[in-house]
Amino acid sequence: MRQGADFHDWSNTNPNDIFSVFNDIFGGGFGGSIFDDFFGGGARTRSRAGSAMGERGSDLKISVKLALEEVAGGVEKKVKIKRQEKCQTCGGTGSKSGSAVTTCPTCGGSGELRRATRTMFGQFVNIVQCTTCGGSGKVIKEPCPACGGAGRVNGESTIKVKIPAGVAEGNYLTLRGEGNAGRRGGPNGDLIVVIEEAPHHHFKRDGDDIIYELDLSFPEAALGSEVEVPTLNGRAKLKIEPGIQSGKILRMRDKGLPHLNGYGKGDQLVTINIFTPTKLSSKEKDLLKELDRSSNIKPPSRNGASSD
Ligand SMILES: [Zn+2]
Ligand SMILES: [Zn+2]
């Protein structure tokens, strides 16, 4: 099947798969609760205003599809992402070179606005982020022409993501600071990499065990044999005892996936399936008819059953 072929080909990565998670921690303001007056809010605003820090960039989320072989060995993936990056013209400040940064006239430099809210419990004073300066307490007189004063521009980057062996569908990695650039020099958001597992053309996964279905011919099953089976680390020999039954499961120790948190590996479980031929020549039919007359060929459960 074709599925196995495309896994290493990242030119197929669709930029539309990359979507932004808008969980900017400052995005919604922080005026919602009375607790902001007691915890965090005021102090945070003061320190941010003092350092003229901009808003944190938003997080980005991408998914990476892995083949089972890549899960087995661990892999380093290069992913191309579209993201907001620090403006190189102004160095992220948003200010045209040499132009003055002045105190915000709306909030007077504090970066916050006090708002009285009337509720059924009485009146509360909430502190909200100043919308004119975005909480920085500063405004730019002449914005940088390259970024329009935001301090960040749309860009594209290729990022290396090191994925440990043994990950599973739905696991994710957080790459700190690899998300969107912050506004006006604010800290970058994070890049969240979600693991997806590509279906394999002959393996199934059960936890850290790998399940493989092996077809044997009737003579191989009856006489016993040594066959080669695929594993995640290439082909391996498997001994078939004479008289093996359909449905029997053989365990190949440590041929499964490595445990993500800890030492050791899962196993490969080989389910035996006796293949019945569907196209027979007349010579083959004659041989089978002759074989069928032998008393050892019939299943013991049906031997001597008069209804048969
Ligand atoms: Zn700029
Ligand atoms: Zn302001």
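Located above this text is the structure these notes cover.
Residues numbered from 1 in each chain as written. Chains lettered and ligands numbered in written order. Predicted model: local features only at pLDDT ≥ 70, side-chain atom pairs only at ≥ 80, totals over all residues.

Draft legend 1. Highlighting the environment of I249. Examined against the element boundaries, I249 turns out to sit in strand 15 (residues 249-252). A sequence separation of 23 residues divides I249 from I272, and the C-alpha atoms of the two residues are 6.2 Å apart. Residue contacts for I249: discarding those within four places in its chain leaves L269, V270 and T271. (Helix = DSSP H or I, 4+ residues; strand = E, 2+ residues; numbered from the N terminus. Contact = placed C-beta atoms within 7 Å.)

Draft legend 2. Local environment of the nonpolar core. Counting residues in each nonpolar core, the largest one holds 18 residues, and the members touching the most others are I62, L68, V71, A72 and I210. Those elements giving two or more residues to this core turn out to be strand 2 (59-66), helix 3 (68-73), strand 10 (191-197) and strand 12 (209-217). The leading source of residues in this core is strand 2, at four residues. C107, C133, V139 and I140 belong to the second-largest nonpolar core, a separate cluster that totals six residues. (Core = buried A, V, L, I, M, F, W, Y, C linked by C-beta atoms within 7 Å. Buried ≥ 20, exposed ≤ 12 C-beta atoms within 10 Å, placed from the backbone.)

Draft legend 3. Highlighting the sheet that holds strand 16 (residues 268-275). One open sheet accounts for four strands, arranged 11-12-16-15; its pairing is mixed. The sheet is open, and its two borders are formed by strand 11 (204-206) and strand 15, each paired with just one other strand. Averaged over all adjacent pairs, the angle separating strand axes in this sheet is 35°, with direction ignored. Pairing of strand 15 with strand 16 involves four bridges; the strand directions are antiparallel. Across the sheet, M252 pairs through a bridge with Q268, a residue of strand 16. (Pairing = 2+ DSSP bridges. Axes fitted to C-alpha atoms, helices over the stretch in contact; angles between N-to-C directions.)

Draft legend 4. The arrangement of unusual backbone geometry in detail. Residue R184 is not a glycine yet carries a positive backbone phi of 45°. Along the chain, R184 falls in the loop between strand 9 (172-175) and strand 10. Overall, R184 belongs to the buried group, with 27 C-beta atoms counted inside 10 Å. One non-glycine residue with positive phi stands out, namely D254, at about 60°. The topology assignment puts D254 in the loop between strand 15 and strand 16. On the neighbour-count criterion, D254 (11 C-beta atoms within 10 Å) is exposed.

Limitation: the analysis is restricted to geometry and does not speak to function.
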